[in-house]
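Analysis of the macromolecular model
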Amino acid sequence: MDSTPPGHPDVAQLRLEYRQAGLRRSDLHLDPFEQFRRWFQQALQAELLEPNAMVLGTTDGLRPSSRTVLLKAFDQRGFVFFTNYGSRKSREIAAQPHVSLLFPWYGLQRQVAVLGPAEPISTAESIAYFVSRPFGSRLGAWVSQQSSVISSRSMLELQWEELKRRFAGKEVPLPAGWGGFRVQPQEMEFWQGRENRLHDRFRYRLANSDADEGDAAVGWIIERIAP
């Protein structure tokens, strides 16, 4: 007997077979950052919506929390995003720096998961990115005390208009307490959806995460893991 109420979607029956592509060990680059660059380029070419959107997971030591942030830079040092340093995510990173990132590229039936510690980037790096933002976004960084309780949206809009007049024709400086974090991967997993839920999953694991940067002992172990 169907217990689903009339007009209510039967979520259990939502199902899609993943048949776009497979992933073999021989497809992978030895360097996970290069492998990520290749997949990211393919996500751009596929014109996916917000290909640089990533789900950031943090914890205060007791409760996890997650939200979508935007990747704004990546290289061999890690993945960079920007935020208010007084936000919930920033407070949780200060308490527990180990975080997760997830890039959900549904259109390619792929995802990339990243685990590692996050740390603030330099003020110079934050300024370089901040000045590249649109004028309205720079004002928004000044207005929003991210994650704090506010009385109304109209208050935000009034503050934004006030700052618009204040900085008209002027440079908008970097607000105190705003900047970037860099997530330094210790694990990266590349997931490719496959038919019958026999997905392909490969994990890059840092062989010696305690070694100093540039140490020859630092390397990546690549493992296929069960779907």
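The text that follows walks through the structure, step by step, so that each part is easy to find. (Residues numbered from 1 in each chain as written. Predicted model: local features only at pLDDT ≥ 70, side-chain atom pairs only at ≥ 80, totals over all residues. Heavy atoms only, no water.)

1. As for the overall build of the chain
Helix and strand content of the chain: 5 helices and 10 strands. In terms of its C-alpha atoms, the chain occupies a principal-axis envelope of roughly 65 × 60 × 40 Å. Burial statistics for the chain: of 227 residues in total, 35% are counted as buried. Averaged over its 28 positive side-chain charges, the chain has a centre that lies 4 Å from the centre of its 26 negative ones. (Helix = DSSP H or I, 4+ residues; strand = E, 2+ residues; numbered from the N terminus. Buried < 20%, exposed > 50% of the residue type's maximum accessible area, 1.4 Å probe, protein only. Lys, Arg positive; Asp, Glu negative; His and termini not counted. Charge placed at Lys NZ, Arg CZ, Asp CG, Glu CD.)

2. So, the nonpolar core
Counting residues in each nonpolar core, the largest one holds 30 residues, and the members touching the most others are F36, F79, F103 and W105. Elements supplying a minimum of two residues to this core: α1 (32–45), β1 (53–59), β4 (78–84), β5 (98–105), β6 (110–120), β7 (178–183), β8 (187–192) and β9 (200–206). The dominant element in this core, judged by the number of residues it contributes, is α1, at 5 residues. Sequence-distant contacts of F103, defined by excluding residues within four places in its chain, comprise F36, P51, N52, A53, M54, L71, F79, R110, Q111, V112 and V114. Counting residues in hydrophobic clusters, the runner-up holds 12 residues, among them A141, F167, V172 and W178. (Core = buried A, V, L, I, M, F, W, Y, C linked by side-chain atoms within 4.5 Å. Contact = heavy atoms within 4.5 Å.)

3. Quick word on the pattern of salt bridges
One pass over the full model with this rule turns up 15 salt bridges. Put simply, D75, R77, E125 and R182 are held in one network by salt bridges that share partners. (Salt bridge = Lys/Arg side-chain N within 4 Å of Asp/Glu carboxyl O.)

4. Focus on the pairing of β7
Along any regular strand, the residues point their side chains to alternate faces of the sheet. Across the 6 residues that make up β7, a large majority, 6, are buried. Summarising the sheet, β4 and β7 pair through 6 bridges and their orientation is antiparallel. Paired with N84 across the bridge in β7 is W178. When β6 meets β7, the two strands line up antiparallel, connected through 3 bridges. Opposite P120, over in β7, you have F181 as the bridge partner. (Pairing = 2+ DSSP bridges.)

5. A closer look at the packing of helix α4 (residues 135–143) against helix α5 (residues 153–166)
One way to put it is that α4 packs onto α5 with a least axis distance of 9 Å and a crossing angle of 120°. Between α4 and α5, the angle falls in the class oblique. Between α4 and α5 lies a crossing whose hand is right-handed. In this structure, α4 contributes F135, G136, L139, G140, W142 and V143 to the contact, and α5 contributes L156, Q159, W160, L163 and K164. (Axes fitted to C-alpha atoms, helices over the stretch in contact; angles between N-to-C directions. Parallel < 35°, antiparallel > 145°, perpendicular 65-115°, else oblique. Left-handed = near helix turned anticlockwise from the far one by under 90°.)

6. Observations concerning the packing of aromatic side chains
What the rule picks out here adds up to 22 aromatic pairs. Taking 5.8 Å as the distance between ring centres and 40° as the angle between the ring planes, the aromatic pair formed by F36 and W105 counts as tilted. Separated by 69 residues along the polypeptide, F36 in helix α1 and W105 in strand β5 bring together distant segments of the chain. Judged on exposure class, the residue F36 and its partner W105 are both buried. Residues F82 and Y129 carry aromatic rings whose centres are separated by 4.2 Å and whose planes lie at 20° to one another, so their mutual orientation is stacked. On the criterion of sequence distance, the pair formed by F82 in strand β4 and Y129 in helix α3 (residues 123–130) is long-range, its members being 47 residues apart. Cluster of aromatic residues (ring-pair linked, three or more members): F33, F36, F40, F74, F79, F103, W105 and W220. A cation over an aromatic ring shows up here: R110 above the ring of W39, its NZ or CZ 4.1 Å from the ring centre. (Phe/Tyr/Trp six-rings, centres within 6.5 Å; stacked < 30°, edge-to-face > 60°. Lys NZ or Arg CZ within 6 Å of the ring centre and 35° of its normal.)

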